[in-house]
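Tertiary structure, described
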Amino acid sequence: MLQPVGVGHKSLADYTHLVGRPLIEEVQQLAVELKGLKVLHLSATAFGGGVSEILYTIIPLMRDVGIEAEWQVIIGREEFFNATKLMHNALQGHPLDLSPSEWRVYEDYNAMNAEQLSGDWDVIIAHDPQPALMRGLVPEKAKNWIWRCHIDLSTPHRPTIEHLIPALRDYDASVFHLEQYVPDGMDGAAVHIVPPAIDPLSPKNMALSPEDAAFVCDQFGIDVDRPLICQVSRFDPWKDPIGVIDAYRAVTAEMPEVQLALVGSMATDDPEGWQFFNSTLEHAQGDPDIKILNNLNNVGAIEVNAFQSQADVLIQKSTREGFGLTVSEALWKARPFIGGDVGGIPLQIEDGRTGYLVSSPEDCAERTLRILREPELGKQLGRAGKEHVRKHFLTPRLLRDWLGIFKGLK
Ligand code: UDP
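The paragraphs below set out a description of the structure included in this document. (Residues numbered from 1 in each chain as written. Predicted model: local features only at pLDDT ≥ 70, side-chain atom pairs only at ≥ 80, totals over all residues. Heavy atoms only, no water.)

Assigned secondary structure in the protein consists of 16 helices and 13 strands. A compact globule built from 410 residues should have a C-alpha radius of gyration of about 22 Å, and the protein, at 21 Å, falls within 12% of that. Expressed along its principal axes, the backbone C-alpha trace of the protein runs to roughly 60 × 50 × 35 Å. The burial tally for the protein puts 59% of its 410 residues in the buried class. Restricting the contact set of the protein to residue pairs at least 6 apart, pairs at least 24 apart contribute 73%. Distance from the positive charge centre (37 side chains) to the negative charge centre (57 side chains) of the protein: 5 Å. (Helix = DSSP H or I, 4+ residues; strand = E, 2+ residues; numbered from the N terminus. Rg over C-alpha atoms; globule rule 2.2 N^0.38 Å. Buried < 20%, exposed > 50% of the residue type's maximum accessible area, 1.4 Å probe, protein only. Contact = heavy atoms within 4.5 Å. Lys, Arg positive; Asp, Glu negative; His and termini not counted. Charge placed at Lys NZ, Arg CZ, Asp CG, Glu CD.)

Structural data, given as structure tokens:
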């Protein structure tokens, strides 16, 4: 039996004042015909990163509208996560395929998990590549299988994606954040383009008063009377925390009072995380105004919320980014935002209107200084960003899109 994840309760009606009645009614109408549909989400981890963030919200809301949604986490050990992390990197463009023995580890764990998979589902949604082979091994366990891709597949390492394509093509449908992520060779398979969304009512995104945000940040050694720039993300080379430190150094050359917080959770399925965490620490060279924090410092959802609410500029300087939930999270707090011009970030940031898009630490530093020197500009960007998120990237919209996909299945 795979590990079930408990997700608590949420009510769609609570979102009405945030997204408006028409969308809520549209969701309720779509749900009428889908009552009792048995849907299983399969993922590699219940902790850390965007996938679990989304599932903790979308599953309770699916249940609230009558879908019998469950979440199970596949079984994996270090050797499996080492292989799937390599795969993740190769699929996002790193030119290194898995070795034959790593592919075998991947296949063996998929086989083991497929054997453990129980039940009789209307729909199984496999999230990301980790459980992607399971459909081919036990197709009879669900009437329909959907592959949900959360990563940037725009320039994958060819041998790696080609190895996976036959398994992916067999799904009844697949779902990508952006059109440019759909790999060549999906042929006749049904493909849907649906970006993810954030939960405005979760502890991470609910309204926090400036006093409460400052109170929390103060406990982590931030001087709340001095400017703060901040990036929230896993310690991963694609998130470029090293580039953020370089940008911070260029900023402090002109405004020495600025502080930097790098807040990064360590995911259980990310063995590279610790190594990269240490190189980030090293790059900070003991600067007391750079705070490098992770969930083992007790940085949970409320603390992330506090840092995002307190920061004068929020950064996500990724060089690859499937979507970047942290972007919508930042905008929802009406904070001025600067992000890498890659992947899903431009979908959320219209350069100069809802934030800034940059391609180098120098650009990032220049935009940061501009915002810090012109608070009115920051406010304007933040306000426009929040409205953009309200329209496009809050969970009820994502729920509507999922129900639409379920409706189209056989
Ligand atoms: N996150 C967190 N604590 C941290 C770092 C990240 O809770 O210390 C959350 C972050 O707020 C966001 C998610 O992890 O909700 C990361 O999702 P994103 O799409 O930005 O990136 P991914 O990690 O999936 O590549």
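From this point on, the discussion continues.
Scanning the model with the defined rule gives 12 aromatic pairs in all. Where W274 meets F277, the ring centres are 5.5 Å apart and the plane angle is 75°; that geometry is what we call edge-to-face. With W274 and F277 both in helix α10 (residues 272-284) and 3 residues apart, the pair spans about one turn of that helix. For W274, a relative accessible area of 40% puts it in the partly exposed group. When its relative accessible area of 9% is taken as the criterion, F277 is described as buried. Of the aromatic side chains, those joined through ring pairs into one cluster are F80, F81, W103, Y106 and Y109. Its end group placed over the ring of W121, K38 keeps NZ or CZ at 5.5 Å from the ring centre. Cation over ring: K386 sits above W332, and NZ or CZ is 4.4 Å from the ring centre. (Phe/Tyr/Trp six-rings, centres within 6.5 Å; stacked < 30°, edge-to-face > 60°. Lys NZ or Arg CZ within 6 Å of the ring centre and 35° of its normal.)

Let us now look at the site of the ligand. Taken together, 17 residues are adjacent to the ligand, and K204, R234, K239, S265 and E329 come closest. Between the ligand and the protein, one listed contact pairs an oxygen atom with a side-chain N or O atom of K204 at 2.7 Å. Between the ligand and the protein, one listed contact pairs an oxygen atom with a backbone N or O atom of L325 at 2.9 Å. Look at the ligand: alone it shows 540 Å² of surface, and the protein chains cover 88% of it. Of all elements in the fold, only α3 (49-64) and α12 (325-332) reach the threshold of two or more residues within the shell around the ligand. Within the shell around the ligand, the residues separate by chemical class into 4 nonpolar, 7 polar and 6 charged. (Near = heavy atom within 4 Å. Polar contact = N/O pair within 3.5 Å; in protein donor to acceptor, adjacent residues only side chain to side chain. Areas by Shrake-Rupley, 256 points an atom, 1.4 Å probe, with all protein chains shown as cover. Nonpolar A, V, L, I, M, F, W, Y, C, P; charged D, E, K, R; others polar.)

Turning our eyes to something else, we now look at the nonpolar core. In terms of nonpolar packing, the biggest core is built from 71 residues, with I67, I146, F307, W402, L403 and F406 touching the most fellow members. Top contributing element to this core by residue count: α3, with 7 residues. Filtering out sequence-adjacent residues up to four positions away, L403 remains in contact with V27, L30, A31, L34, V65 and I67. By size, the runner-up hydrophobic cluster in this structure holds 40 residues, among which are L91, Y106, A114 and F176. (Core = buried A, V, L, I, M, F, W, Y, C linked by side-chain atoms within 4.5 Å.)

Taken in spatial order, the 7 strands of this open sheet run β1-β3-β2-β4-β5-β6-β7, and their pairing is mixed. Of all the strands in the sheet, the pair left with one neighbour each is β1 (3-4) and β7 (190-193). Judged from the 4 bridges that link them, strand β6 (residues 173-176) and β7 form a sheet pairing that is parallel. Counted as the bridge partner of A173 is A190 from β7. Of the strands in this sheet, β2 (38-43), β4 (121-127), β5 (142-148), β6 and β7 touch helix α16 (residues 395-407), which is tilted by about 135° from β5. (Pairing = 2+ DSSP bridges. Axes fitted to C-alpha atoms, helices over the stretch in contact; angles between N-to-C directions.)

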